[in-house]
Amino acid sequence: MDNKILEIKNLKALVSETGEEILSGIDLEIGDGETHVIMGPNGGGKSTLVNVIAGRDSYEVSSGSIKFKSKNLLNMNIDERSREGIFLAFQYPSEIPGVRPWQFMKAAVDAKRKANGDPELSVREFSKIYDDNLKKININSDLMKRSLNEGFSGGEKKRNEVFQMMMLEPNLALLDETDSGLDVDALKAVGDAVNNLRDSKRSFLIVTHYQRLLDHIKPDFVHILINGKIAESGNSDLVKKIENDGYESFA
Amino acid sequence: MSYIDHYKKLIESELKSNKNFYFMRAVAPGADYFIENGFPLKKKGNERWKYLDLRNVTSSNFIKSIYEERISTDFESVLEKLNSCGINIVEDEILIVGDEDNHLAGRNFIEPEGIGASSPSKTNIGEIANPEEDGFIALNAAVADITSFWIDENFSKKALNIVFAGQSQDERLVTERMCIKILKNTEVTINEIHFDSNFNTLNIPVLEIHLDKDSKLIHNKVILGSEKDMNFNFTRVFQEEGSSYQNNSFCHSPSIGSNDIKVIMSGEGSECDLRGIYFTNNKNQFNTHITVDHLAPNCKSNQFFKGVLSDESKAVFSGKIFVEKGAQKTYATQKDLNLLMSKGAEIDTKPSLEIYADDVECSHGATAGNVDENTLYYMMSRGLKKETATRMLVRGFVDEMINSISDDKIRKFASNQTELILPNLAFK
């Protein structure tokens with residue numbers, strides 16, 4: 001039997017502040033090493049789904065369950081989920097004045113290693129991995145001397161998200177519209193980075209509006225999320241159907 | 001007996017013992033003003049102090065401290081204390097305020113002037129800090145312990161460190177007055193350091209600084225308060241043509257106190273850059289009061305302050321930019337950003353611009369916010385615990401300011417102190 005890294009059953013979630021239900025019964029299973037893509041119209045709940053998995057507390061799970069590596073994810077804080085191996089590449093990454101990217105990543109990597117019982121990396125060891133990854137994703141190292149994300153362009157922020165993903169080596173990476181706002185070169189860089197990270201121990205859940213990302217990343221499964229429910233699942237052929245008929249045909 | 005009567009006696013005895021007519025010019029008006037008005041307790045029409053509760057100032061009849069009562073009176077222990085705070089300095093860079101033996105005496109770069117000594121280049125008490133401006137300054141003027149000196153081009157040290165050592169007794173009044181003149185073309189750094197002492201003391205230090213033509217002063221001010229002491233700190237600066245004044249203030253609030261800076265830009269083409277960070281916690285109250293008077297054309301001023309407030313503390317920022325009619329081509333900016341760590345903390349921030357010239361560029365802005373939830377979420381999603389993330393956020397907020405301190409020792413010191421202060425601020 002295939003191992004499932006993520007199992008979502010009948011997940012319902014609402015906005016804590018207003019009580020508005022956004023997810024109305026999601027069922028989704030992701031196996032080890034699989035890449036899933038979620039598409040769907042605006043307001044369908046795509047972003048909400050990945051944020052609920054990451055643990056954002058402005059959403060409240062009203063019913064259902066999420067298991068990650070067979071553990072109950074809903075019992076874990078945001079930071080615990082991350083250390084357990086979940087990574088969310090943000091649609092709108094925060095700018096953090098005075099916090100340097102290096103220092104931020106060192107703290108994050110240390111926290112994860114500590115949680116896994118691994119020894120802290122020395123500055124030298126860490127810097128080597130850091131510099132190597134920067135090169136791979138092709139971020140200007142001068143940029144990384146600034147405060148985190150401050151003065152970064154939209155594309156640079158997205159590259160930086162993928163860079164952080166490379167540093168943290170998650171088991172499940174959630175990409176929330178990482179491709180939007182990217183030029184062709186950046187899009188290719190993001191696609192290459194994801195493809196390089198794909199292996200049997202790492203799964204991806206990618207939220208996107210555009211088929212063009214899928215020119216770079218070939219998904220195993222495609223899901224269409226409409227009105228808080230998965231309206232249809234299939235392979236990449238589904239993308240062509242969306243191109244031709246729009247989302248309305250699935251509603 | 002009212003508290004004013006108490007100080008009246010003190011003032012009268014000081015006047016008797018100090019027969020030097022030379023200084024009466026400032027002492028007498030200070031005495032008169034204080035005896036008539038007392039401390040600025042009235043709320044009405046009192047823009048500077050109206051947000052603070054100054055009643056504790058009158059809760060004790062403070063008596064004047066003597067030097068021997070300071071916590072660190074001997075030279076070695078002051079050096080040691082500085083050392084333990086990460087400030088390594090050599091003997092001839094230090095001036096311990098109130099020390100009779102004045103460690104700077106006889107050195108070639110500095111000439112301490114005794115009261116009444118005449119020098120063509122000396123700044124006299126009250127010349128820059130008007131004793132009738134404020135009750136605190138008035139009391140200081142009336143009973144001040146005065147150190148007056150000038151620094152010239154021959155000053156070869158990296159910095160002059162002026163240390164205000166804390167008291168070792170309750171109910172002491174400390175009224176140091178320093179009159180400093182930086183002579184023409186001289187560039188110097190002065191570090192003004194106030195050590196905390198956990199005693200009920202009323203500290204009213206006043207610095208009067210005169211910058212001659214084309215001189216440059218970097219003035220780093222460190223105030224480390226405690227739960228018991230009060231520190232009303234005044235700096236008054238007079239700038240001549242082409243001079244440059246930079247002030248970096250690092251303040252951890254005493255129980256109540258202030259960092260009160262006024263810069264008079266009197267000479268054309270002068271520049272001032274005032275920056276600072278203030279931490280307040282518990283029920284402490286701290287007032288940052290900044291005034292820049294543009295009296296001459298083509299001057300440039302910048303005010304940039306940040307506050308981190310926690311518990312039920314209160315901070316006030318009032319920053320004023322005044323531009324005289326003739327001060328054309330003035331460029332003046334002001335910014336005050338605050339981070340509120342708890343619901344009980346309060347900031348009153350009050351920018352004010354008074355502009356009489358028509359060809360100027362002035363801007364101001366103030367913000368007060370909590371730790372941003374989105375940012376916290378972002379950081380936690382990278383595996384950082386909430387505490388770690390919060391601390392890193394606050395640290396980042398503070399570091400923007402600290403990193404602009406030019407003096408290595410003071411910058412490191414401020415950084416270390418922040419590390420000590422943060423755990424007490426953020427997570428109670």
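The shown structure was predicted, so the numbers you read here are calculated from the model rather than taken from an experiment. (Residues numbered from 1 in each chain as written. Chains lettered and ligands numbered in written order. Predicted model: local features only at pLDDT ≥ 70, side-chain atom pairs only at ≥ 80, totals over all residues.)

**Structural notes on the overall build of chain A**
- Secondary structure assignment for chain A yields 7 helices and 10 strands.
- For a compact globule of 251 residues, the expected C-alpha radius of gyration is about 18 Å, and chain A comes in at 18 Å, within 12% of that figure.
- Reported as C-alpha extents along the three principal axes, the dimensions of chain A are approximately 55 × 40 × 40 Å.
- Scored against the burial criterion, the 251 residues of chain A give a buried share of 42%.
- Considering only residue pairs separated by 6 or more positions, chain A has 71% of its internal contacts joining residues 24 or more positions apart. (Helix = DSSP H or I, 4+ residues; strand = E, 2+ residues; numbered from the N terminus. Rg over C-alpha atoms; globule rule 2.2 N^0.38 Å. Buried ≥ 20, exposed ≤ 12 C-beta atoms within 10 Å, placed from the backbone. Contact = placed C-beta atoms within 7 Å.)

**Let's talk about the nonpolar core**
- With 183 residues, the main nonpolar core has Ala-89 and Leu-174 of chain A together with Ala-142 of chain B as its most contacted residues.
- Every residue in contact with Ala-89 of chain A, bar those within four places of it in the chain, is listed here: Glu-161, Val-162, Met-165, Ala-173, Leu-174, Leu-175, Asp-176 and Thr-178 of chain A. (Core = buried A, V, L, I, M, F, W, Y, C linked by C-beta atoms within 7 Å.)

**Focus on the environment of Tyr-378 of chain B**
- Topologically, Tyr-378 of chain B is positioned in helix H5 (residues 373–380).
- Note on Tyr-378 of chain B: 24 C-beta atoms within 10 Å, which makes it buried.
- C-alpha separation for the pair Tyr-378 of chain B and Ala-389 of chain B, spaced 11 residues apart in sequence, amounts to 9.3 Å.
- Once residues lying within four places of it in the same chain are set aside, the contact partners of Tyr-378 of chain B are Phe-90, Pro-93 and Ser-94 of chain A.

**Observations concerning the confidence of the model for chain A**
- For chain A, per-residue confidence averages 93 on the pLDDT scale, and residues scoring 70 or more make up 99% of the total.
- Looking over chain A, one finds the lowest element-wise mean pLDDT in helix H7 (residues 237–245) of chain A, namely 87, and the highest in strand E6 (residues 86–89) of chain A, namely 98. (pLDDT = per-residue confidence, 0-100.)

**Considerations on the packing of helix H5 (residues 154–168) of chain A against helix H6 (residues 184–197) of chain A**
All names here are of chain A.
- Running from N to C, H5 and H6 point in directions that differ by 10°, and their axes come no closer than 10 Å. The orientation of H5 relative to H6 falls into the category roughly parallel. Between H5, through Gly-155, Lys-158, Arg-159, Val-162 and Met-166, and H6, the contact on the second element is made entirely by Ala-186, Ala-189, Val-190, Ala-193 and Leu-197.
- When the residues that make up the contact of H5 with H6 are grouped by side-chain class, the tally is 7 nonpolar, 1 polar and 2 charged. (Axes fitted to C-alpha atoms, helices over the stretch in contact; angles between N-to-C directions. Parallel < 35°, antiparallel > 145°, perpendicular 65-115°, else oblique. Nonpolar A, V, L, I, M, F, W, Y, C, P; charged D, E, K, R; others polar.)

**Notes on H7 of chain A**
- Counting buried positions along H7 of chain A yields 0 of 9 residues, so the element is predominantly exposed.
- Of the residues trailing H7 of chain A, Gly-246 of chain A is marked for its positive phi of about 75°.

**Topic: the sheet that holds strand E1 (residues 4–15) of chain A**
- Overall, antiparallel pairing links the 4 strands, which are arranged E2-E1-E4-E5 (chain A) in an open sheet. Two strands lie at the open edges of the sheet, namely strand E2 (21–31) and strand E5 (71–72) of chain A, each paired on one side alone. (Pairing = 2+ DSSP bridges.)

**Describing the packing of helix H3 (residues 101–115) of chain A against H5 of chain A**
Residues and elements named next belong to chain A.
- One can describe the packing of H3 onto H5 by two numbers: an axis separation of 10 Å at closest approach and a directional angle of 35°. Regarding H3 and H5, the two cross each other, and that crossing is right-handed. Across the interface between the two elements, Met-105, Ala-108, Val-109 and Lys-112 from H3 touch Gln-164, Met-167 and Leu-168 from H5.
- Here the residues of the contact of H3 with H5 are counted per class, giving 5 nonpolar, 1 polar and 1 charged. (Left-handed = near helix turned anticlockwise from the far one by under 90°.)

**Focus on the interface of chain A and chain B**
- With 21 residues of chain A in contact, the opposing surface of chain B contributes 18 residues.
- Breaking the side of chain A that touches chain B down by element, the ones donating at least two residues are helix H2 (78–84), H3 and H5 of chain A.
- A breakdown of the residues in the side of chain A that touches chain B according to their chemical character gives 12 nonpolar, 5 polar and 4 charged.

**Considerations on the environment of Leu-211 of chain B**
Residues and elements named next belong to chain B.
- Turning to its location among the elements, Leu-211 is positioned in strand E10 (residues 206–211).
- Sequence separation between Leu-211 and Ser-270 is 59 residues; the distance between their C-alpha atoms is 9.9 Å.
- With residues near it in sequence (within four places) discarded, Leu-211 still touches Ile-182, Leu-217, Val-237, Phe-238, Gln-239, Glu-240, Ser-243 and Tyr-245.

**Let's talk about the sheet that holds strand E10 (residues 229–234) of chain A**
Residue and element names in this part refer to chain A.
- Here we have 6 strands laid out as an open sheet, ordered E6-E7-E8-E3-E9-E10, and mixed in their pairing. Taken across any chain shown, the strands that pair with only one partner, and hence form the sheet edges, are E6 and E10. Across the sheet, the mean angle from the axis of one strand to that of its neighbour is 20°, orientation sign disregarded.
- As judged from the 4 bridges shared by strand E3 (residues 35–39) and strand E9 (residues 221–226), these two strands associate in the parallel manner. Paired with Val-37 across the bridge in E9 is Val-222.

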